[in-house]
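Structural features, examined
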Amino acid sequence: MEYPLFENNVQVEQIGTKCNDRPLEYEDRRVHVYLNGMQSNTYNTIPYYTMMRVRFPLLLLLGIVFLASVSASFVKQQDEPEQPRPYPYPRPHQPHQKEHGSEESESQRSNNPFYFSSNKFHTIYENKYGHIRLLQRFEKRSTQLENLRDYRVAEFKSKPNTLLLPHHADADFMLVVLSGRAILTLVNTDNVDSYNLESAYAQRIPAGTTFYLVNPDDNDNLRVICLAMPVNKPGRYEDFFLSNTEEQQSYLQGFSKNFLEASYDTNFEEINRVLFGEKQNKQEGVIVQLSKEQIRELSRHAKPISRKTISPENEPINVRSGHPIYSNKLGQFYEITPENNPQLRNLDISLSSVDINEGALLLPHYNSKSIVILVVNEGKANIELVGLREQQEDEETKEVQRYRAELSEDDVFVIPADYPVAIEANSNMNLLGFGINAENNQRNFLAGKKDNVVRQVSDIAFPGSAQDVEKLLNYQKESYFADAQPSKKEKEGKGPLPSILGALY
Amino acid sequence: MEYPLFENNVQVEQIGTKCNDRPLEYEDRRVHVYLNGMQSNTYNTIPYYTMMRVRFPLLLLLGIVFLASVSASFVKQQDEPEQPRPYPYPRPHQPHQKEHGSEESESQRSNNPFYFSSNKFHTIYENKYGHIRLLQRFEKRSTQLENLRDYRVAEFKSKPNTLLLPHHADADFMLVVLSGRAILTLVNTDNVDSYNLESAYAQRIPAGTTFYLVNPDDNDNLRVICLAMPVNKPGRYEDFFLSNTEEQQSYLQGFSKNFLEASYDTNFEEINRVLFGEKQNKQEGVIVQLSKEQIRELSRHAKPISRKTISPENEPINVRSGHPIYSNKLGQFYEITPENNPQLRNLDISLSSVDINEGALLLPHYNSKSIVILVVNEGKANIELVGLREQQEDEETKEVQRYRAELSEDDVFVIPADYPVAIEANSNMNLLGFGINAENNQRNFLAGKKDNVVRQVSDIAFPGSAQDVEKLLNYQKESYFADAQPSKKEKEGKGPLPSILGALY
Amino acid sequence: MEYPLFENNVQVEQIGTKCNDRPLEYEDRRVHVYLNGMQSNTYNTIPYYTMMRVRFPLLLLLGIVFLASVSASFVKQQDEPEQPRPYPYPRPHQPHQKEHGSEESESQRSNNPFYFSSNKFHTIYENKYGHIRLLQRFEKRSTQLENLRDYRVAEFKSKPNTLLLPHHADADFMLVVLSGRAILTLVNTDNVDSYNLESAYAQRIPAGTTFYLVNPDDNDNLRVICLAMPVNKPGRYEDFFLSNTEEQQSYLQGFSKNFLEASYDTNFEEINRVLFGEKQNKQEGVIVQLSKEQIRELSRHAKPISRKTISPENEPINVRSGHPIYSNKLGQFYEITPENNPQLRNLDISLSSVDINEGALLLPHYNSKSIVILVVNEGKANIELVGLREQQEDEETKEVQRYRAELSEDDVFVIPADYPVAIEANSNMNLLGFGINAENNQRNFLAGKKDNVVRQVSDIAFPGSAQDVEKLLNYQKESYFADAQPSKKEKEGKGPLPSILGALY
């Protein structure tokens, strides 16, 4: 039996991983998404026999359990048949589900316009010492992300004792160290500044600033994430390297022999020898190894890591400085906003670093103004984002739509402003967030003791009485972070059902 | 005899009224427009026999009257043949024309990219207590309106003693009460503010602010207009309701059962009962009826209407506070600019409220910087807007183009910056204007005593001598508002001609 | 033998010169560009026999000379066969090349998205007294220039003793006098300001300001360049003239007879006579001749030219006031930035005026943030701009790309931010630059004594030792401007080769 639909889908996925995204005009094909309600949001591409397969088990289940509303998801990977999933009850609980069913998350990934799995990064430079990778353009993924067209996300990794060669780009960068140590050197015509950076330190690199980046550590890799804001054209920028390597010509080689000879007032052979080198002594790539001696020399002028809470203008920002804005035994939420840092004010972005302990839930909330680009630094999590479904003509009730993803290291997830979101950590995890349009952003929680906006409308929004709503809201004793499996043991009694479901197919 | 051209046009009109305008990419087809000069601006779609029909009566008329320049308009509705109209003389005067000729205005409406008749609003929510309607996207109507792609106009109406349920949107709103009374409640995590509003009061609702709106009046409907500035994507935004109704799911239902149980630390049945309710006790829609008791309760905390001229930050703005900027016995023009209100400064918009008495003319003028979105609150009017015609290759003289429309209640008209405009009230009328890019806008009048820019170039711009021009400009004793029919009686002597024209077809 | 490829290319060029660029959506077809390396950047349109012709002479030359890297350019005009050009050695030196080879520059022009030859200006108005011309839209030329979509460049020329009639536009203007003298009059409802301007004086004309421009000189033409920033729609604006001429209707004529009669409270015949005139007394066009008497009258109120270094707000800016920021015996570079002028701050643009003496080279440099729109006022020059080549899939080394053009009077060249550029003057020349996004822009030089960013990374970026690099950089004794042919005599010994090359084809 063949499933041309899903074969097709897999192909789309592969195309999506190509990076040279200008000619491609990659259009997200939403084939299957999580839905509430009995309708399948298939956008007229699901063949008839698929529909039949889905309905049959639903009828079966209707005889067993009460279904307030039903969400059907079509899952397919390789040769396995698709599998229906009733919602919200009796949905197999998460841990069990993941043991035997990562098929589901795969299919979600390809259809969730807000989720960029780590394979959506395209390699720009790569050699044995490290790589630079660039995330797919946001607005090419979905028109939902059109307002992010002036933003790109890049990732840099390098081995111990290496150097990313001097270059500049036609983009403003906000660079954040995810792990390891770095010496970042910013070069201007009149001065050179070197900074020691470590995990959760950020530094703005203004467009056109020549810079280089050393991993001075003897053991640990350096991992850096970069928000790039191109200045010449929307969503595209170039790296201009001074050095001539096997991976990248020196930009000085772009000038004609005549221009070079006049510029340096000497003959071309001399210029060629000193600046560009022979084939045999060219560097292998834009990331090169350094000797201990060289590292020592480069470290000498670097400013020590600042432990100040408020970083002076133009100096590195410690995202985790001061007190977390939200914190309990289950997690910590650090944030630096445009209001308290001039580098960020200028770009109107915020930076956040969030720890969620294994088994904890970052409670449902939304940002009033910011679009948040979330980068997974460490750990695994489930994220649920709630949007509104595009209305079909014949529908009576406007429905909400859940965008769900299983996040792991290096994945990126975009949280639009005002869309409610919650995150459950499956292992200890750390997230880095870039908030776009961050000035005056407010975070409104929808559960928990504090900052809970639902509490303010308890008397007017719900069928339950104000007393009932208050009582309900007071069950949760925590704020911001809560236990994600408060009644795990009880529910495990309902465990057999998933196995039954599994047995049916 | 068939007129496929116009049938086609009618169809376009119908398509245009559909709201889900993303897939449609509605392109305004300008088929016939008002023109000065003998050429018909038909953009190569008018069939040959139409041209013939037009030219014949023109030749006839050329023998009777002097034609300084001629404007031909092709009118067609249902089965009636089209009808030429010579310009500027002997054009039938307006009142007569409207008695027997609303065909004309219909055809103009469909071809004037700046005019949005009230049927260009699409219903988003509607039940027996009221509705929310959203105007067609500006930039989908015409590339001329591309700079308005980040703006939408929404209208809300509700019956006495009703409530629009709590919700938030991913857009900044500038809400203005057109008629009736309202209690607007803005909910944040740490405070709740309620304001009493009445006609011509405006309030900014920042993106993400949960709010609800009560019509506390026992008799009068509430009518509200809203300028929406989406934050996530250009020209589109969503309303997120907390309440679960037959029209709209609660956004909390978008989270999975697991996430909800963990968030509220209780079982799903309890959450479902208290927050979402059973089918039988669901509200019919997002606008619900309130008892007198509930109205009293909700009114109790609302701040009284502020009569201050300068409204404090974050408090409602009285658009008609203080003195009108232009005023005489024929009309009044109130305006609040970014310069005198911080809520408006932040959005760079202005608000204006204009009364024009029946039979008065708001004199020709243009805005130097602002694009004005005009909403007709009350009354009927003729508006004339002057642009420049896109040049044809074989033309010698670049021509101006008149965009004319008959405005009535709930119509919207966009006045681009620097395009001259004048409005004649056919009944007492009130207009509300949102000025986009309002900072430092200057209004230049082209007739009347004051603020008349023509007077400043009387010696250099015209064939008449400076004295002649001055004399001409001094006939008009009024400023800003003037009598629209100063010589009505004289002209009525020329009345027969329209009847003759009418008889010819 | 036929070359359909190039025929096609010529056709594109012609289409590109049409001005009504909205319907056209002109897409730059880069068919042949200057390249470093053996690959021909032909974007799969060069037929096979062309490739063969190119490779054959390359093989021949490889036997004669050492080729560090090779740049092949395909040149074709009319019936001449294409001609390969090895790079960088032994490239025929510039003067020789230009004597027999202006074909090359022609082909470059059509493929260089940053170069707009003066024929890319389209005439908007023209009569015997002068003309107004508008440059092709930037973003229609290339997606590389998409961020310039809100900018247009217009040119105005008029004969001695003439007047450009009063009008306003829906665009902000930054007007700069390139040569001649002008009296610019800005008209508002409450005041009229006249300014004397001469070469290198600039004045902002806010959108909607009615203005007129006199050439009061008895002998010299007036030449003005204008950066226009439209307010209603991206990249398009209109001129609204008050006067009724053979070239352009008065915008007042756009109003109906009824509206005009009511506005001026008189009959239409009187309005027509005084404001619009009869056919026989209409002006020929929007530029008219003035008598000496009229000139005297108009000069009377004009403010004298300000020689102040810092111009007061709203007064003309002398771009060449104060000291040049870079200067030596070979050239001078004047610049006014947003930081030192409020008119420019508001628009975030800078103005520069650069003199380069014949035979001098403006040394390689890049702007960190600004995109510069360069207008050639006087003289001839070669410009070289270095970008990065779009990567082909099978390439190993990312290559740089040289965009080269021969500039002459009235040409426009766009220099993107961060792209290195250098200019060699072939005659004494003067350039005017509009810098877009100018705030905090930094200019980094890549050669010369001062402001040389390469010097700062001499120890880390190059195969040569730090000492070698320093030594190399110290050969050049000048800063900013240098001799473009320092070793001209030596190289002339290598002269025969170009002749040999020429003989081969």
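About the criteria used
Residues numbered from 1 in each chain as written. Chains lettered and ligands numbered in written order. Predicted model: local features only at pLDDT ≥ 70, side-chain atom pairs only at ≥ 80, totals over all residues. Heavy atoms only, no water. Helix = DSSP H or I, 4+ residues; strand = E, 2+ residues; numbered from the N terminus. Buried < 20%, exposed > 50% of the residue type's maximum accessible area, 1.4 Å probe, protein only. pLDDT = per-residue confidence, 0-100. Phe/Tyr/Trp six-rings, centres within 6.5 Å; stacked < 30°, edge-to-face > 60°. Lys NZ or Arg CZ within 6 Å of the ring centre and 35° of its normal. Contact = heavy atoms within 4.5 Å. Buried area = accessible area lost by both parts, 1.4 Å probe. Salt bridge = Lys/Arg side-chain N within 4 Å of Asp/Glu carboxyl O. Polar contact = N/O pair within 3.5 Å; in protein donor to acceptor, adjacent residues only side chain to side chain. Nonpolar A, V, L, I, M, F, W, Y, C, P; charged D, E, K, R; others polar. Domains from an automatic or database assignment. Least-squares fit on C-alpha atoms with pLDDT ≥ 70 in both. Pairing = 2+ DSSP bridges. UniProt positions renumbered as here; feature names shortened; annotations may be inferred. Axes fitted to C-alpha atoms, helices over the stretch in contact; angles between N-to-C directions. Parallel < 35°, antiparallel > 145°, perpendicular 65-115°, else oblique. Left-handed = near helix turned anticlockwise from the far one by under 90°.

The next thing to look at is the overall build of chain A. The helix and strand inventory of chain A stands at 13 helices and 26 strands. Here chain A holds 505 residues, and the buried ones make up 64% of them.

Across chain A, pLDDT averages 79, with 73% of residues at or above 70. Across the interface, the model reports ipTM at 0.79; the global pTM reads 0.80.

Moving on, we come to unusual backbone geometry. Backbone geometry at Asn 437 of chain B places phi at a positive 60°, although glycine is not the residue there. Looking at the secondary structure, you find Asn 437 of chain B in the loop between β24 (429–436) and β25 (443–445). Residue classification places Asn 437 of chain B among the partly exposed positions, given a relative accessible area of 28%. Although it is not a glycine, Asn 161 of chain C adopts a positive phi angle of roughly 55°. Exposure remark for Asn 161 of chain C: the relative accessible area of 11% places this residue in the buried category.

One pass over the full model with this rule turns up 39 aromatic pairs over all chains. With a centroid separation of 5.2 Å and an interplanar angle of 70°, the aromatic rings of Tyr 326 of chain B and Phe 333 of chain B are classed as edge-to-face. Overall, the relative accessible area of 7% leaves Tyr 326 of chain B in the buried class. On the accessibility criterion, Phe 333 of chain B (5% relative accessible area) is buried. The structure contains a cluster of three or more aromatic residues connected by ring pairs, namely Phe 114, Tyr 403 and Tyr 419 of chain A together with Phe 240 and Tyr 251 of chain B. Just above the ring of Phe 116 of chain A sits the side chain of Arg 141 of chain A; from NZ or CZ to the centre is 4.5 Å.

A few words now on the interface of chain B and chain C. Listed per partner, the contact involves 71 residues of chain B and 65 residues of chain C. Here chain B and chain C share an interface that buries about 5800 Å² over both sides, 55% of which is from carbon and sulfur atoms. Counting every contact that joins chain B to chain C gives two salt bridges. Here Arg 273 of chain C makes a salt bridge to Asp 468 of chain B, at a shortest N to O gap of 3.5 Å. Inspection of the chain B/chain C interface yields 28 residue pairs in polar contact (both at pLDDT 80 or more). Contributing elements (two or more residues each) for the side of chain B that touches chain C: β18 (360–367), β20 (381–388), β21 (400–407), β23 (421–425), β25, α11 (466–475) and β26 (481–483) of chain B. Taken together, the residues that form the side of chain B that touches chain C break down as 36 nonpolar, 20 polar and 15 charged.

Further remarks concern the interface of chain A and chain B. Taken together, the contacts link 74 residues of chain A with 66 residues of chain B. In total, about 5800 Å² of surface goes out of reach between chain A and chain B, with carbon and sulfur atoms giving 54% of it. Ranking the residues of chain A by area buried against chain B places Lys 398, Ile 460 and Leu 472 of chain A at the top, with a combined share of 12%. The tally of links from chain A across to chain B stands at two salt bridges. A salt bridge links Arg 149 of chain B to Glu 146 of chain A; the nearest nitrogen and oxygen atoms lie 3.0 Å apart. Taken together, chain A and chain B are joined by 28 residue pairs in polar contact (both at pLDDT 80 or more). When residues of the side of chain A that touches chain B are traced back to their parent elements, those giving at least two are β18 (360–367), β20 (381–388), β21 (400–407), β23 (421–425), β25 (443–445), α11 (466–475) and β26 (481–483) of chain A. Here the side of chain A that touches chain B is built from residues that sort into 36 nonpolar, 20 polar and 18 charged.

Residue and element names in this part refer to chain A. We note that the domain assignment places domain 1 (115–243 + 283–300) and domain 2 (319–485) within chain A. Distance from the C-alpha centre of domain 1 to the C-alpha centre of domain 2: 28 Å. Carbon and sulfur atoms supply 66% of the area that domain 1 and domain 2 bury against each other, a total of about 2300 Å² over both sides. The interface formed by domain 1 and domain 2 includes four salt bridges. Where Asp 410 meets Arg 223, a salt bridge forms, and the shortest distance between an N and an O atom there is 3.0 Å. Scanning the region where domain 1 abuts domain 2 turns up 10 residue pairs in polar contact (both at pLDDT 80 or more). Contributions of two or more residues to the side of domain 1 that touches domain 2 are made by β1 (115–116), β3 (130–135), β4 (152–158), β6 (171–179), β9 (201–205) and β11 (222–230). It is β11 that provides the largest number of residues to the side of domain 1 that touches domain 2, a total of five residues.

This paragraph deals with the relation of the copies chain A and chain B. The two copies are related by a screw motion: chain A maps onto chain B through a turn of 120° and a shift of 0.0 Å along the axis, at an RMSD of 0.0 Å. When the rotation and shift are considered jointly, the pair of chain copies conforms to a three-fold rotation axis.

With that settled, the discussion passes to the sheet that holds strand β2 (residues 121–127) of chain C. All names here are of chain C. What the seven strands build is an open sheet, ordered β2-β3-β4-β11-β6-β9-β14; its pairing is antiparallel. The sheet is open, and its two edges are formed by β2 and β14 (317–318), each paired on a single side. Where strand β3 (residues 130–135) and strand β4 (residues 152–158) come together, five bridges link them in antiparallel fashion. Each bridged residue has a counterpart across the sheet, and for Ile 132 the counterpart in β4 is Phe 156.

Let's shift gears to the UniProt feature "domain: Cupin type-1" (unreviewed entry) in chain A. Residues annotated by UniProt as "domain: Cupin type-1" (unreviewed entry) correspond here to residues 114–272 and 317–470 of chain A. In residues 114–272 of chain A, helix accounts for 11% and strand for 48%; the two terminal C-alpha atoms are 48 Å from one another.

Attention shifts here to the pairing of β18 of chain A. All names here are of chain A. Counting buried residues in β18 gives eight out of eight residues, a clear majority hidden from the surface. In this sheet, β26 lies alongside β18 in antiparallel orientation, the contact comprising three bridges. For Leu 362, the partnering residue across the bridge sits in β26 and is Phe 481. Across three bridges, β18 lies against β23 in antiparallel orientation. Its bridge partner lying in β23, His 365 is registered against Val 421. When β18 meets β25, the two strands line up antiparallel, connected through three bridges. Bridge pairing in β25 links Tyr 366 to Asn 444.

If you want to describe how two helices pack, look at the angle between their axes and the distance between the axes. With their axes 9 Å apart at the nearest point, α11 of chain A and helix α8 (residues 268–276) of chain B run at an angle of 140° to one another. Put simply, α11 of chain A runs oblique to α8 of chain B. Remark: the crossing between α11 of chain A and α8 of chain B carries left-handed chirality. Facing α11 of chain A, whose interface residues are Asp 468, Val 469, Leu 472 and Tyr 475 of chain A, α8 of chain B presents Glu 270, Ile 271, Arg 273, Val 274 and Leu 275 of chain B.

On to the pattern of salt bridges. The final tally for this structure, using the stated rule, is 79 salt bridges over all chains. A salt bridge links Glu 155 of chain A to Arg 133 of chain A; the shortest N-O distance between them is 2.9 Å. Placement of the pair is Glu 155 of chain A in strand β4 and Arg 133 of chain A in strand β3, with a sequence separation of 22 residues. By relative accessible area, which is 1% here, Glu 155 of chain A ends up buried. The closest approach of N and O atoms between Arg 137 of chain C and Glu 139 of chain C, which form a salt bridge, is 2.6 Å. Note on Arg 137 of chain C: relative accessible area 6%, which makes it buried. Bridged by salt links that share partners, the residues Arg 133, Glu 155, Lys 157, Arg 223, Glu 409 and Asp 410 of chain A form one connected network.

All names here are of chain C. Read from one edge to the other, the open sheet built from seven strands follows the order β1-β22-β19-β24-β17-β16-β15, with strand pairing classed as antiparallel. Bordering the open sheet on either side are β1 (115–116) and β15 (326–328), each of which pairs with just one other strand. The pairing of β15 with strand β16 (residues 331–336) spans three bridges and is classified as antiparallel. The partner of Tyr 326 across the bridge, within β16, is Phe 333.

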